[in-house]
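Geometric and topological summary
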Amino acid sequence: MACLADLADAPVIGRHPMKPAPDLLPLLERPATSSATVGPAPLLTPPGTPLLALPPMLPPTSLSSPVPLLSPRDPAAPFAWRDGRALSAAQFLAAAERLAERLPADGRAVNLCCDRLLMALGLAAALRRGHLSLMPPNTLAATLRQLPADARPAYVLSDDSAVDTAGMALVSLTPADLDVPAAALPQVPQVPLLDAAQPAVCLLTSGSTGAPQPHVKCWGPLAANIGAEAARLAELLGRADLAGLTLVATVPGQHSYGLESSVLLALLGGAVLDAGRPFYPADIAAALARLPRPRALVTTPFHLKALLGAGLALPAADLVLSATAPLTPQLAARAEAALGAPLIEIYGCTEAGQVATRRTTAGETWHALRGLRLSRRTGATTAATIPADATAPASDVAIGDEHFIVEGGHVGAPTPLADRLELVDAEHFRLLGRGNDVVNVAGKRSSLAHLNFVLNRIDGVDDGAFWLPDEVPGAATRPLAFVVAPRRSAREIVAALRRELESAFVPRRVLHVAALPREATGKLTSAALRHFALTALATLAQRDGTPARCDGTRTPDEGTIALHVAADHPAFDGHFPGQPVLPGATLLAFVLDALQARPSLRNRLGAALVVEQVKFLATVGPGTALALRFTPRGRAIGFEVSAGTTVVARGVLGSLVG
């Protein structure tokens, strides 16, 4: 049976080839005798015996201990399942060694693999080469072109040979890369040790600006994070560890939650990976049914709600994990009843990683992971220190003089959170909502997170989101709600909201839509919702505004279009009685009408037109004469609407394609 003494002379790999490795602290009270090497190292531990034990996880400021690539387990036991076939830990390690030999000597890996097992294989191989793995939020070439610059050349790891790599070299991965015959496995396999300070992954979140925000994570702190998560989940399940727990995940592995709670929980937490990423309810049910127990579903409130609403008989699970948005107690109770398993929520952010957990049906209090402490601070906090989030870039976060800090454990240095908390003590808190989503309507304050929480727990609302239009000088702004609710009328939804919300927050309009523009994780970013709302409202106003459309005619200046807003236009009805104001959506509809009448401009944008930006600067009343001017901007078109010398609106029209 292998022990830690057998590993004292094992090479530590993954350092940059130009930096010699310092001597390691002993793993069994004796110094290492071999110098560090770079590149693939031999594989460890005879089949049928446990792999090496993890050394104690040190805080991120102590980076002297090496960290294994794989947590302790029987090397012959399944590390992953793919299409009903198990891949052992020994086979995975051997496949990673073989793939590492194919990778460039130096560079950065851009991991785009959709197959979760191939993604884990690419990550492990890159770690063996000492390469940082970048995790973009999507596979669009436009996103890849915005990756952070670096002197090291980037290459793409993908299981799609037709992917547009934006000019980067492609290393294709296929299921054949996992085929390692038993005869090819070494009799004494080894688990590679990595420098705890080695940069391992760079998570890239788009934020509402669309520009990827990089967050580099080193292997030691990542391992400490996953170790804390695994210990907490095992404790909540009454287990000694997570050995043999198979993970079915609906979230992509490139997202921080998907990476931590599926890929890394298998590599570093002792769990077993499922290669797939089921999305539709029937696929999720089938994935659970074909895997052995114990098994866990790693999902989001959006996916969970769709799964429970499908009316399927669901296979029993042993654990359900949820993250990316707060879950209602009602939905958590339904999930536990349908799947026969406890539901645990995970709270965290890209900057700090996982911070806390709670069992939603047991109460609203969150419990911080081991070693973490939370505190309340007062005083100015610069935007640059606030974690970037998919719902808002760091520059948009405004939390005033009060903010909350997490520190210790895998986080190390004090890190501000972008949420408002109610602290019970240094390890327990209640979540009050995002620090940047507070809305003020008619002198009343609430948070969008709370409004969305109330909306989505209405029976019959499959999905929904509040949206607050831009303020227009001189006019009151009221929220709108977009819902996916084919069985409930707008009147019924408004009535349900009136029973729970102050009248100021009851939406002026409830608009039924086929779907909201959520990401693969179920997140709905403020930028995506804004584009969706503006385009949907303008299109609706175009369709419904026929009785008294605005006249649009050319002026002597061929670049300007004259618009006249009829005094009896139906859009004025009920829109601020006594002081009628043209809704912004109707003004946008006029702009779109004028664009449709000019094919040479309209054809620039293709079929999928979106309102990328718009700012309403002044009100428009009945009978107003307006001037509209379009300005081509590459693949987009800018516009400006004026009333005399006053600019009332300006914006940019674009396309979803390209």
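Residues numbered from 1 in each chain as written. Predicted model: local features only at pLDDT ≥ 70, side-chain atom pairs only at ≥ 80, totals over all residues. Heavy atoms only, no water.

**Description of unusual backbone geometry**
For the peptide bond that leads from Arg-293 to Pro-294, omega is 5 degrees, which places it in the cis range. Positionally, Pro-294 belongs in the loop between helix H6 (281–290) and strand S14 (295–299). In this structure, Asp-83 is a non-glycine residue whose phi angle is positive, near 55 degrees. Position of Asp-83 among the secondary structure elements: in the loop between strand S3 (78–82) and strand S4 (85–88). With relative accessibility at 67%, the residue Asp-83 sits in the exposed group. (Helix = DSSP H or I, 4+ residues; strand = E, 2+ residues; numbered from the N terminus. Buried < 20%, exposed > 50% of the residue type's maximum accessible area, 1.4 Å probe, protein only.)

**Focus: the packing of helix H7 (residues 301–309) against helix H8 (residues 329–339)**
Relative orientation of the contacting elements H7 and H8 amounts to 55 degrees, with a least axis distance of 10 Å. What the angle tells us is that H7 and H8 run oblique. Handedness of the crossing formed by H7 with H8: left-handed. Contact residues: H7 offers Pro-301, Leu-304, Lys-305, Leu-308 and Gly-309, while H8 offers Leu-331, Arg-334, Ala-335 and Ala-338. Tallied by class, residues from the contact of H7 with H8 come to six nonpolar, one polar and two charged. (Axes fitted to C-alpha atoms, helices over the stretch in contact; angles between N-to-C directions. Parallel < 35°, antiparallel > 145°, perpendicular 65-115°, else oblique. Left-handed = near helix turned anticlockwise from the far one by under 90°. Contact = heavy atoms within 4.5 Å. Nonpolar A, V, L, I, M, F, W, Y, C, P; charged D, E, K, R; others polar.)

**Details of the packing of aromatic side chains**
This structure, assessed with the given rule, holds six aromatic pairs. Between Tyr-347 and Trp-366, the aromatic rings sit 5.8 Å apart at their centres with planes inclined by 55 degrees, giving tilted as the arrangement. Here Tyr-347, found in strand S16 (residues 343–349), pairs with Trp-366, found in strand S18 (residues 366–368); they are 19 residues apart in sequence, far enough to count as distant. For the residue pair Tyr-347 and Trp-366, the accessibility class agrees, reading buried in each case. Following the ring pairs from residue to residue traces out a cluster consisting of Tyr-347, Trp-366 and Phe-429. (Phe/Tyr/Trp six-rings, centres within 6.5 Å; stacked < 30°, edge-to-face > 60°.)

**Observations concerning the side chain of Ser-642**
Within the secondary structure, Ser-642 is located in strand S33 (residues 636–643). Each residue touching Ser-642, except ones within four places of it in the same chain, is listed here: Ala-625, Leu-626, Ala-627, Val-647 and Val-648.

**Notes on the environment of Val-483**
Tracing the backbone shows Val-483 in strand S27 (residues 480–484). Judged by relative accessible area, which is 0%, Val-483 ranks as buried. It is 9.2 Å that separates the C-alpha atoms of Val-483 and Ile-493, two residues lying 10 residues apart in sequence.

**So, the nonpolar core**
One finds Phe-79 and Trp-219 to be the most contacted residues of the largest nonpolar core, which totals 70 residues. The greatest single-element share of this core, amounting to 10 residues, is contributed by helix H2 (residues 116–129). Val-484, Val-591, Leu-601 and Val-641 belong to the second-largest nonpolar core, a separate cluster that totals 45 residues. (Core = buried A, V, L, I, M, F, W, Y, C linked by side-chain atoms within 4.5 Å.)

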